[in-house]
Amino acid sequence: MSRIRRAAAPTPAPTQRSQGRDRHGRGIRSSVTGPFLPPLQTRITQFDMTVASTIDYLRSVWPDELSDVTFEVAAGPYSVIPGVGVERWTVTAAERRIVFYRLPIQRLTRLHRNDDLHRRMVIESCVFRAIAELLGKDPWDLAPDRFRHF
């Protein structure tokens, strides 16, 4: 009996792999929250957005005084001040720089109600007090119209 050999099929050229993973032909992985849910809000992004929106508001009220001020957000200070505790922010008037420390502001503040509104109010009050310290003003004088309804 004669053997019949079949011609080997030509091997396909190597393909480029996509950025996402496609195992077993099931498609690319989706995001964690799914297609119809909003993206996750983390404490870090919420803190950064609150600080940025408060600074933008105060820069619109005090454009000349805050135009050259540098604002930064850090996780925490390098040391604890004896007798005072942990700083919530640092103001360097010579460099016109303010550094906000996220962890002390978020975790060391005692809130009577732990909800989004009160957490946002604490962050805004820290921004107001730090800028007032830099400008040499009272925090309530920075935006008198903002608190008129209270």
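Keep in mind it's a predicted model, so treat the numbers as computed, not measured.

A.B. asks: Explain the overall build of the protein residue by residue, including any values.
C.D. replies: Assigned secondary structure in the protein consists of 5 helices and 3 strands. Ordered by position in the sequence, the α and β elements of the protein form the string α-α-β-β-β-α-α-α. Considering the protein as a whole, with its 150 residues, one finds that 23% of them fall into the buried category. Long-range pairs, those at least 24 residues apart, make up 57% of the contacts in the protein between residues at least 6 apart in sequence. On the protein, roughly 12,100 Å² of surface is accessible, and the fraction owed to carbon and sulfur atoms is 54%.

A.B. asks: Which residues make up helix α4 (residues 116–135), and what values go with them?
C.D. replies: Across its 20 residues, α4 extends 29 Å between first and last C-alpha, which sits within 8% of the 28 Å expected from 1.5 Å per residue. Those residues of α4 lying buried are H118, V122, I123, E124, C126, V127, F128, A130, I131, A132, L134 and L135. G136 sits one or two positions beyond α4 and adopts a positive phi of about 75°.

A.B. asks: Talk me through the pattern of salt bridges; I want residue IDs and the actual numbers.
C.D. replies: Throughout the structure, instances matching the rule amount to 5 salt bridges. Residue E95 is joined to R97 by a salt bridge in which the shortest nitrogen-to-oxygen separation is 3.4 Å. Looking at R97, the relative accessible area reads 28%, which means it is partly exposed. Residues participating in the shared-partner salt-bridge network are E72, E95 and R97.

A.B. asks: So what about the sheet that holds strand β2 (residues 89–92)? Which residues, and what values?
C.D. replies: Judged by pairing direction, the sheet is mixed, and its 3 strands sit side by side in the order β1-β3-β2 without closing on themselves. Looking at which strands have only one partner, the edges of the open sheet turn out to be β1 (70–74) and β2. Mean inter-strand twist for the sheet, computed between neighbouring axes without regard to direction, equals 15°. Of the pairings in the sheet, the one linking β1 to strand β3 (residues 97–101) comprises 5 bridges and is parallel in character. The residue of β3 that forms the bridge with A74 is Y101. Those strands touched by helix α1 (residues 43–61) are β1 and β3, and its axis lies near 165° from that of β1. Each of β1, β2 and β3 touches α4; the most contacted strand, β2, lies at about 20° to it.

A.B. asks: Before we move on, could you go through the pairing of β2 and cite the residues and values that matter?
C.D. replies: Two strands pair when backbone bridges link them, and β2 and β3 are joined in this way by 4 bridges, in the antiparallel orientation. Within β3, the position partnered with T90 by the bridge is V99. Hairpin connection from β2 to β3: 4 residues lie between these consecutive antiparallel strands, with R96 at a positive phi of about 55°.

Procedures and definitions
- Residues numbered from 1 in each chain as written.
- Predicted model: local features only at pLDDT ≥ 70, side-chain atom pairs only at ≥ 80, totals over all residues.
- Heavy atoms only, no water.
- Helix = DSSP H or I, 4+ residues; strand = E, 2+ residues; numbered from the N terminus.
- Buried < 20%, exposed > 50% of the residue type's maximum accessible area, 1.4 Å probe, protein only.
- Contact = heavy atoms within 4.5 Å.
- Areas by Shrake-Rupley, 256 points an atom, 1.4 Å probe, with all protein chains shown as cover.
- Expected span 1.5 Å × (residues − 1).
- Salt bridge = Lys/Arg side-chain N within 4 Å of Asp/Glu carboxyl O.
- Pairing = 2+ DSSP bridges.
- Axes fitted to C-alpha atoms, helices over the stretch in contact; angles between N-to-C directions.

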